[in-house]
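What follows is each chain in one-letter form.
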Amino acid sequence: MTKSQSKDFITFLRTMSKKGFYDTFNHVLENENIHYNDVLKHCLEKRIVDSRASITIILNGLTELDLLEREVSQTRPIRTTYKVSKKGKTVLKHLKDLEILF
């Protein structure tokens, strides 16, 4: 592993360990092509996080890690849709394998 890869991995671990990231990531996987408002509703109802801003931070963080793909509709009303990327599916598979160990 190169120094750059090691830094990227540490960034990934720090991000995924923050409140709500893993649960939100799983929810998007379970509901492929899910709209922002549906993610927001789920996370607030399940008390995964406490605010709309937290959901935005989580979704942006997962998108920046290339774990989620974000699509904004060009029609009115404008809607933002998220789905788990190919990389994200691989990462989630490995995280679920680790989860079984604990």
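Scroll up a little and you will see the structure.
Every chain's residues receive numbers from 1 upward, in the order its sequence appears when written. Residue-level local features of this predicted model are given only where pLDDT is at least 70; pairs of side-chain atoms are given and counted only at 80 or more, and the full residue set underlies all totals for whole chains, interfaces and linings. As a convention, hydrogens and water are excluded, and side-chain values are obtained from all of the structure's heavy atoms.

To continue, consider the side chain of N26. A helix here means a DSSP run of H or I that spans at least four residues, while a strand means a run of E at least two residues long, and both kinds are numbered starting from the N terminus. Mapped onto the fold, N26 is located in helix 2 (residues 21–30). Every residue pair with non-hydrogen atoms within 4.5 Å of one another is taken to be in contact. Here N26 is in contact with L92 and K96, once residues within four sequence places are set aside.

Here, a strand pair is defined by DSSP locating no fewer than two bridges between the strands. Taken together, 3 strands build an open sheet; the order of strands is 1-3-2 and the sheet is antiparallel. Strand pairing shows two members of the sheet lacking a second neighbour, strand 1 (34–35) and strand 2 (68–72), which therefore form its edges. Here strand 2 runs beside strand 3 (residues 80–84); their pairing, made up of 5 bridges, is antiparallel. Along strand 3, the bridge assignment pairs L68 with V84. Across the sheet, helix 2 touches strand 1, strand 2 and strand 3, and the angle it forms with strand 3 is around 95°. Note on definitions: angles span 0 to 180 degrees between N-to-C directions of axes, and those axes are lines fitted to C-alpha atoms, for helices only across the stretch in contact.

Right, let's talk about the layout of surface pockets for a bit. Residues are called lining when one of their atoms sits within 4 Å of a cavity or pocket point, these points coming from a 1 Å grid over the protein atoms alone, where a cavity is a set in which a 1.4 Å probe fits but cannot get out and a pocket is an open set with protein on both sides within 12 Å along at least five of seven lines. Grid points are joined across faces, edges and corners, and a volume is the space filled by probe spheres set on the points. Estimated volume of the largest pocket: approximately 180 Å³. Lining of the largest pocket is provided by D8, F9, F12, L65, L67, K87 and V91. Residue assignment for the lining of the largest pocket shows that the elements contributing at least two residues are helix 1 (3–16) and helix 5 (86–101). Among the elements that line the lining of the largest pocket, the one with the most residues is helix 1, at 3 residues. Residue composition of the lining of the largest pocket, grouped by class: 5 nonpolar, no polar and 2 charged. Gly falls in the polar group here, along with every residue not listed as nonpolar (Ala, Val, Leu, Ile, Met, Phe, Trp, Tyr, Cys, Pro) or charged (Asp, Glu, Lys, Arg).

Counting through the fold element by element, K46 comes out in the loop between helix 3 (36–45) and helix 4 (52–64). Sequence separation between K46 and D23 is 23 residues, and the spatial gap between their C-alpha atoms is 9.9 Å.

A few words now on the environment of S4. Along the polypeptide, S4 turns up in helix 1. Accessible area is worked out with a 1.4 Å probe on protein chains only. A residue is then buried under 20% of its type maximum, exposed over 50%, and partly exposed in between. The class for S4 is partly exposed, based on a relative accessible area of 47%. As a C-alpha pair, S4 and R70 span 66 residues in sequence and 26 Å in three-dimensional space.

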